[in-house]
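Report on the structure
Residue-level listing of the chains:
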Amino acid sequence: MVAPSLLLIGETKGRFLNLKMGTKALAYLPLTVLPLMAFVIIGVSFLSSIPLLNASWLGYNIALGPFGNQGLFGILPFLPLLLYTLIHVNYFEELYFRKDITHVVIWAALHIAMGVAVYVILALIPLGLFYRFIRNRYDVNHAYTLHFATNIVLILISLSLYIFL
């Protein structure tokens, strides 16, 4: 995902403008982050105990990099590329994968290619449907801003946990 995003360097300024145009959607940020945190706290331990749902072809999330299991210093080198990639990928996810419910499910399933466990899809489908609702109610920029902000908050929470735990 990084290489195609690097080809879009000329569109980066436009993506920042898209984010700015969708800032009203940030009011919905608690409706994305809090359920995801509840999912992690309540559901992950149970769902990850089911072998089929815990299946992952990589064994780690490619967004965190192959050294994610080595703590904070295994992840830090990947953060700038991850943030840059999210600027572009999140926009195109909202543009192409929120057209209908089938596309939302495909979007969730594509995360398996990133190395996430199958149970993660159970959280991503409702989240994708919510982004679709925001896109339909407002526009793609609002869904994009909310999606990007959700990812940034999740990254910050993850980093905080590495630092303070």
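Everything numeric in this text was worked out from a predicted model, so none of it was measured. (Residues numbered from 1 in each chain as written. Predicted model: local features only at pLDDT ≥ 70, side-chain atom pairs only at ≥ 80, totals over all residues. Heavy atoms only, no water.)

1. Here's the deal with the nonpolar core
Counting residues in hydrophobic clusters, the biggest one holds 23 residues, and the most contacted among them are Phe 39, Trp 107, Tyr 119, Ile 134 and Leu 146. Those elements giving two or more residues to this core turn out to be α3 (29-47), α6 (101-110), α7 (121-137) and α8 (140-164). At seven residues, α7 tops the list of elements feeding residues into this core. When near neighbours in sequence (up to four residues on either side) are disregarded, Trp 107 contacts Glu 93, Phe 97, Arg 98, Leu 124, Gly 128, Tyr 131 and His 147. Of all hydrophobic cores here, the second largest spans 13 residues; its members include Leu 82, Leu 86, Tyr 91 and Val 140. (Core = buried A, V, L, I, M, F, W, Y, C linked by side-chain atoms within 4.5 Å. Buried < 20%, exposed > 50% of the residue type's maximum accessible area, 1.4 Å probe, protein only. Helix = DSSP H or I, 4+ residues; strand = E, 2+ residues; numbered from the N terminus. Contact = heavy atoms within 4.5 Å.)

2. Description of the packing of aromatic side chains
The full count for this structure, using the stated rule, is nine aromatic pairs. Geometrically, the ring pair formed by Tyr 91 and Phe 92 is edge-to-face, given 5.4 Å between the ring centres and 85 degrees between the ring planes. Taken together, a centroid distance of 5.3 Å and an interplanar angle of 85 degrees make the contact between Tyr 91 and Tyr 144 edge-to-face. Note that Tyr 91 is positioned in helix α5 (residues 79-96) and Tyr 144 in helix α8, a separation of 53 residues in sequence. Like Tyr 144, Tyr 91 is buried. Joined through ring pairs, the aromatic side chains of Tyr 91, Phe 92, Tyr 96, Tyr 144 and Phe 148 make up one cluster. One residue, Arg 15, lies across the ring of Tyr 91, its end atom 3.8 Å from the ring centre. Its guanidinium or amino end placed over the ring of Trp 107, Arg 98 lies 3.9 Å from that ring's centre, counting from NZ or CZ. (Phe/Tyr/Trp six-rings, centres within 6.5 Å; stacked < 30°, edge-to-face > 60°. Lys NZ or Arg CZ within 6 Å of the ring centre and 35° of its normal.)

3. Remarks on α6
For α6, the set of buried residues is Val 104, Trp 107 and Ala 108. Seen end-on, α6 carries its buried residues on one side only, within an arc spanning 95 degrees. The N-cap residue of α6 is Asp 100: its side-chain oxygen and the backbone nitrogen of Thr 102 are 3.2 Å apart. (Arc of directions from axis to C-beta. Polar contact = N/O pair within 3.5 Å; in protein donor to acceptor, adjacent residues only side chain to side chain.)

4. A look at the side chain of Thr 150
Tracing the sequence through the fold places Thr 150 in helix α8. The exposure class assigned to Thr 150 is buried, which follows from its relative accessible area of 0%. Here Leu 146 takes part through its backbone oxygen, which lies 2.7 Å from a polar atom of the side chain of Thr 150. Once residues lying within four places of it in the same chain are set aside, the contact partners of Thr 150 are Leu 29, Thr 32, Val 33, Leu 36 and Tyr 131.

5. Digging into a nonpolar patch on the surface
Together, Val 40, Ile 41 and Ile 42 give the surface a local cluster of nonpolar side chains, amounting to about 340 Å² of exposed area. Among the secondary structure elements, Ile 41 is positioned in helix α3. Given the relative accessible area of 67%, Ile 41 is considered exposed. (Patch = residues over 30% accessible without salt bridge, like charges linked within 9 Å, V, L, I, M, F, W, Y side chains within 5 Å. Areas by Shrake-Rupley, 256 points an atom, 1.4 Å probe, with all protein chains shown as cover. Salt bridge = Lys/Arg side-chain N within 4 Å of Asp/Glu carboxyl O.)

6. What about the pattern of salt bridges?
Under the counting rule described, the total for this entry stands at two salt bridges. In this structure, the salt-bridge partner of Glu 11 is Arg 15, at a minimum N-O distance of 2.9 Å. What makes Glu 11 partly exposed here is its relative accessible area of 35%. By relative accessible area, which is 8% here, Arg 15 ends up buried.

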